[in-house]
Amino acid sequence: MAAAGSGRPQFLSSNRSFSNSPLIDNSDPNQIIVPEKKSWKNFFAYLGPGFLVSIAYIDPGNFETDLQSGARYKYELLWIILVASCAALVIQSLAANLGVVTGKHLAEHCRAEYSKVPNFMLWVVAEIAVVACDIPEVIGTAFALNMLFSIPVWIGVLLTGLSTLMLLALQQYGVRKLEFLIAFLVFTIAICFFIEIHYSKPDPGEVLHGLFVPQLKGNGATGLAISLLGAMVMPHNLFLHSALVLSRKIPRSATGIKEACRFYLIESGLALMVAFLINVSVISVSGAVCNAPDLSPEDRANCEDLDLNKASFLLRNVVGKWSSKLFAIALLASGQSSTITGTYAGQYVMQGFLDLRLEPWLRNLLTRCLAIIPSLIVAIIGGSAGAGKLIIIASMILSFELPFALVPLLKFTSCKTKMASHVNPIAISALTWVIGAFIMGINIYYLVSGFIKLLIHSHMKLVAVVFSGIFGFSGIAIYLASSIAYLVFRKNKEPTHLLASRNSQTEETLPREDIVDMQLPGKVSTSEVD
């Protein structure tokens, strides 16, 4: 192994401490190097990760919630999307800052911070979150293939895994090509829904009123609003964003780090703005179509319980056949891009928590199988309706998972990224904890209310319902007390950042040198040794 001061890339043997694992391969031509000179043109070097992250806000699960919101309450819940998007920008900027300032992503911080048992439990929870995110994406893509080519849903589920493997093959051409592909898919979704908006003709005044005037009217509006908020911040996205920013080699100075944090904030804002406009478009189209005066009884019945599959038939009947095809193209682009970013998130989670890396095709195969198997079984037995319900179950699982990613992120950023802020760090920390607590509270409420609805609408006998409720709520209480309380009140280790590592070149604080291999998990550096 090379000496610490030799300047050569260093790689871990299996028994070497995690804190010394190398992070950046300076010789790799695919790494995006940011110029030392401070300039607004440097922004283009940072452009990309935000669009990969924004996919989680416009995945098929979000589409389904948006469609239901517009169908039931027209434009009244648009303000929820605005609030959720602002909160998402704050949370995602925290994830980006964590990676930029410390040189490690969230999963790596968890491994360095927690002992073996909590770390293993967090890894299991994170892997479940990746699979739960993958289920709506698989089903959404299968629905899109059915709409476009009349392929049965269960066959579409099988084809989804194969198509994602083909798209992941593009990673051999470098990170920039993948970022351009994802950005292209995002704008494809946007164009499709902007065209839908043009022909469905929602009232601009009512849309603006729904955006800026908070209101919760009607039976079930609160529950749907909570579903909209809960669907916006995904746990795997926090791991993903903190890792993607490490694909840039930034100047390791206070000025360089602050510039990187600022440009990543702007870049994330632009990407999330596009995602916000897409979500607004989906709700507006659904609201305009389901509240049309000449709606047939059949279409009105579809609006009462609108999902991804019914939306296609609804648009075809009300707006035209081409409208259904546009929706299917947008859904296909959403599903495929989401599965790609989900696979990358899974790779970072496994590498960070376990220091274990798999070939991307193997990692994708494992993740895809875990998502495809339940989707395939439900699609064969329950058809499209059963597959649609599986999306709702996956959303409930994600609500359960979010605090396990969000609490560590808030704690790490509170003590490790103060230098990235131009304003009072105490105020920023307090604000982020308030937003984080609000999001976690929303998700916990969504989880509890969903469990209550499940009990109420189940066909079990009263005794079985009572015992299920006792065990279920006992589990939720244990979950809150032993898991979230432990993460919140546990004292963190001494904070560190990369500026400190420049001033004390000890083995424990050496800058790490393998992030390019993390960014492109399929690549194996020629410098890597056993």
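Residues numbered from 1 in each chain as written. Predicted model: local features only at pLDDT ≥ 70, side-chain atom pairs only at ≥ 80, totals over all residues. Heavy atoms only, no water.

- The protein chain has the name Metal transporter in an unreviewed UniProt entry, where Arabis nemorensis is given as its organism.
- The protein chain has a UniProt comment under Sequence similarities (unreviewed entry) that states "Belongs to the NRAMP (TC 2.A.55) family."
- Check the Subcellular location (unreviewed entry) section of the UniProt entry for the protein chain; it says "Membrane". (UniProt positions renumbered as here; feature names shortened; annotations may be inferred.)

**Section: the overall build of the protein chain**
Moving on, step 1. In terms of regular secondary structure, the protein chain is built from 20 helices and two strands.
Moving on, step 2. Counting all 530 residues of the protein chain, 57% fall into the buried class.
Moving on, step 3. Looking at the protein chain alone, contacts between residues at least 24 apart form 85% of all its contacts between residues at least 6 apart. (Helix = DSSP H or I, 4+ residues; strand = E, 2+ residues; numbered from the N terminus. Buried < 20%, exposed > 50% of the residue type's maximum accessible area, 1.4 Å probe, protein only. Contact = heavy atoms within 4.5 Å.)

**Re the side chain of S85**
Moving on, step 1. For S85, the position within the fold is in helix α4 (residues 78-102).
Moving on, step 2. In this structure the side chain of S85 is engaged in a polar contact, spanning 2.8 Å, whose partner is the backbone oxygen of I81.
Moving on, step 3. Apart from the residues lying within four places of it in its own chain, the contact partners of S85 are M232 and F276. (Polar contact = N/O pair within 3.5 Å; in protein donor to acceptor, adjacent residues only side chain to side chain.)

**Structural notes on the packing of aromatic side chains**
Moving on, step 1. Under the defined criterion, the tally for this structure stands at 13 aromatic pairs.
Moving on, step 2. Considering the side-chain rings of Y46 and F263, the 5.7 Å spacing of their centres and the 40° angle between planes classify their relative orientation as tilted. Placement of Y46 in helix α1 (residues 43-46) and of F263 in helix α12 (residues 254-290) is noted, with a sequence separation of 217 residues between them. The same class applies to Y46 and to F263, which are both buried.
Moving on, step 3. For the cation-ring pair, R262 lies above F263, with the distance from its terminal atom to the ring centre recorded as 5.5 Å. (Phe/Tyr/Trp six-rings, centres within 6.5 Å; stacked < 30°, edge-to-face > 60°. Lys NZ or Arg CZ within 6 Å of the ring centre and 35° of its normal.)

**Details of the state of the cysteines**
Moving on, step 1. The full count for this structure, using the stated rule, is one disulfide.
Moving on, step 2. Put simply, C290 and C303 are joined by a disulfide, and their sulfur atoms are 2.2 Å apart. Negative torsions about the S-S bond denote left-handed disulfides, and the value of about -85° found for C290 with C303 makes this one left-handed. Of this pair, C290 sits in helix α12 while C303 sits in helix α13 (residues 297-304), placing them 13 residues apart in sequence.
Moving on, step 3. Given the relative accessible area of 5%, C290 is considered buried. (Disulfide = S-S within 2.5 Å.)

**Topic: α13**
Moving on, step 1. Those residues of α13 that fall on the buried side of the exposure criterion are D299, N302 and C303. For α13, the angular spread of buried residues about the axis comes to 100°, placing them on one side. Summarising the geometry of α13, the exposed residues directed more than 90 degrees from the buried face are P297, E298 and E304.
Moving on, step 2. Packing partners of the buried residues in α13 comprise α3 (60-73), α12 and α14 (308-318). (Arc of directions from axis to C-beta.)

**Quick notes on the nonpolar core**
It is characteristic of soluble globular proteins that their nonpolar side chains tend to be buried jointly.
Moving on, step 1. Within the largest apolar cluster, 122 residues are counted, with the highest numbers of intra-cluster contacts made by F63, I91, I278, F327, F353, L406 and L409.
Moving on, step 2. Considering each element in turn, this core owes the most residues, 14 residues, to helix α16 (residues 360-416).
Moving on, step 3. Excluding residues within four positions of it along the chain, F353 makes contact with A107, C110, R111, N119, L122, W123, A126 and F239. (Core = buried A, V, L, I, M, F, W, Y, C linked by side-chain atoms within 4.5 Å.)

**Details of the side chain of H105**
Moving on, step 1. Within the secondary structure layout, H105 lies in the loop between α4 and α5 (106-113).
Moving on, step 2. Residue class for H105 comes out buried when judged on its relative accessible area of 0%.
Moving on, step 3. Looking at H105, its side chain comes within polar contact range of the side chain of Q351, at 2.8 Å.

**Structural notes on the environment of L326**
Moving on, step 1. The topology assignment puts L326 in helix α15 (residues 321-354).
Moving on, step 2. Residues L326 and M147, 179 residues apart in the sequence, show an inter-C-alpha distance of 10.0 Å.
Moving on, step 3. Apart from the residues within four sequence positions on either side, L326 is in contact with C192, I195 and E196.

**Quick word on the confidence of the model for the protein chain**
Moving on, step 1. Residues at a pLDDT of 70 or more form 78% of the protein chain, whose mean pLDDT is 77.
Moving on, step 2. Mean pLDDT across the elements of the protein chain bottoms out in helix α20 (residues 515-519) (40) and peaks in helix α9 (residues 204-212) (93).
Moving on, step 3. Ignoring residues within four places in sequence, the model shows residues 1-29, a span with pLDDT below 50, making 71 contacts including any to other chains. (pLDDT = per-residue confidence, 0-100.)

**What about α9?**
Moving on, step 1. Regarding α9, the residues found buried are V207, G210 and L211. For α9, the angular spread of buried residues about the axis comes to 100°, placing them on one side.
Moving on, step 2. Of the surrounding elements, those touching the buried residues of α9 are α4 and α12.

**Quick notes on the pattern of salt bridges**
Moving on, step 1. For the structure on display, the rule yields four salt bridges.
Moving on, step 2. As a salt-bridge pair, K74 and E206 come within 3.0 Å of each other at their nearest N and O atoms. Of this pair, K74 sits in the loop between α3 and α4 while E206 is found in helix α9, placing the two residues 132 residues apart along the sequence.
Moving on, step 3. Through salt bridges with shared partners, a single ionic network connects R176, E179 and R248. (Salt bridge = Lys/Arg side-chain N within 4 Å of Asp/Glu carboxyl O.)

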